[in-house]
Amino acid sequence: MTVERAILAFAGLMVLLSLALTYYVHPNFVWLTAFVGANLFQSAFSGFCPAALVLKKVFGMPTEAERARAV
């Protein structure tokens, strides 16, 4: 799995988790959903994603570009 695919999976998981927490725990968890959406939006324009840095450095996941160069 590459960093880009892992980011999509992580964002989807966070949205679903935050919706479940909003419904079952407390309505203010909707702000987590808003935070994830805002982070995805700014990442689309700036290319900066903190989760991508963590996945790359801590878990050693390759990016799509690195995987393409290896082939």
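Structure: above.
Residues numbered from 1 in each chain as written. Predicted model: local features only at pLDDT ≥ 70, side-chain atom pairs only at ≥ 80, totals over all residues. Heavy atoms only, no water.

## Digging into the environment of tyrosine 23
Move 1: Within the secondary structure, tyrosine 23 is located in helix α1 (residues 3-24).
Move 2: Along the sequence, tyrosine 23 and glycine 47 sit 24 residues apart, while their C-alpha atoms lie 32 Å from each other. (Helix = DSSP H or I, 4+ residues; strand = E, 2+ residues; numbered from the N terminus.)

## Some remarks on the packing of α1 against helix α3 (residues 50-58)
Move 1: Contact geometry of α1 with α3 gives a least axis separation of 10 Å together with a crossing angle of 125 degrees. With respect to their mutual orientation, α1 and α3 come out oblique. When you trace α1 past α3, the crossing you get is right-handed. Residue-level inspection shows Val3, Ala6, Ile7 and Phe10 of α1 in contact with α3, the latter providing Ala51, Ala52, Leu55 and Lys56.
Move 2: The residue inventory of the contact of α1 with α3, partitioned by class, reads seven nonpolar, no polar and one charged. (Axes fitted to C-alpha atoms, helices over the stretch in contact; angles between N-to-C directions. Parallel < 35°, antiparallel > 145°, perpendicular 65-115°, else oblique. Left-handed = near helix turned anticlockwise from the far one by under 90°. Contact = heavy atoms within 4.5 Å. Nonpolar A, V, L, I, M, F, W, Y, C, P; charged D, E, K, R; others polar.)

## Some remarks on the packing of aromatic side chains
Move 1: Counted according to the given criterion, the structure contains two aromatic pairs.
Move 2: Ring geometry for phenylalanine 41 and phenylalanine 45: centres 5.1 Å apart, planes at 65 degrees, overall edge-to-face. Of the two residues, phenylalanine 41 and phenylalanine 45 both sit in helix α2 (residues 30-46), four residues apart, roughly one turn of that helix. An identical accessibility class is assigned to phenylalanine 41 and phenylalanine 45; each is exposed. (Phe/Tyr/Trp six-rings, centres within 6.5 Å; stacked < 30°, edge-to-face > 60°. Buried < 20%, exposed > 50% of the residue type's maximum accessible area, 1.4 Å probe, protein only.)

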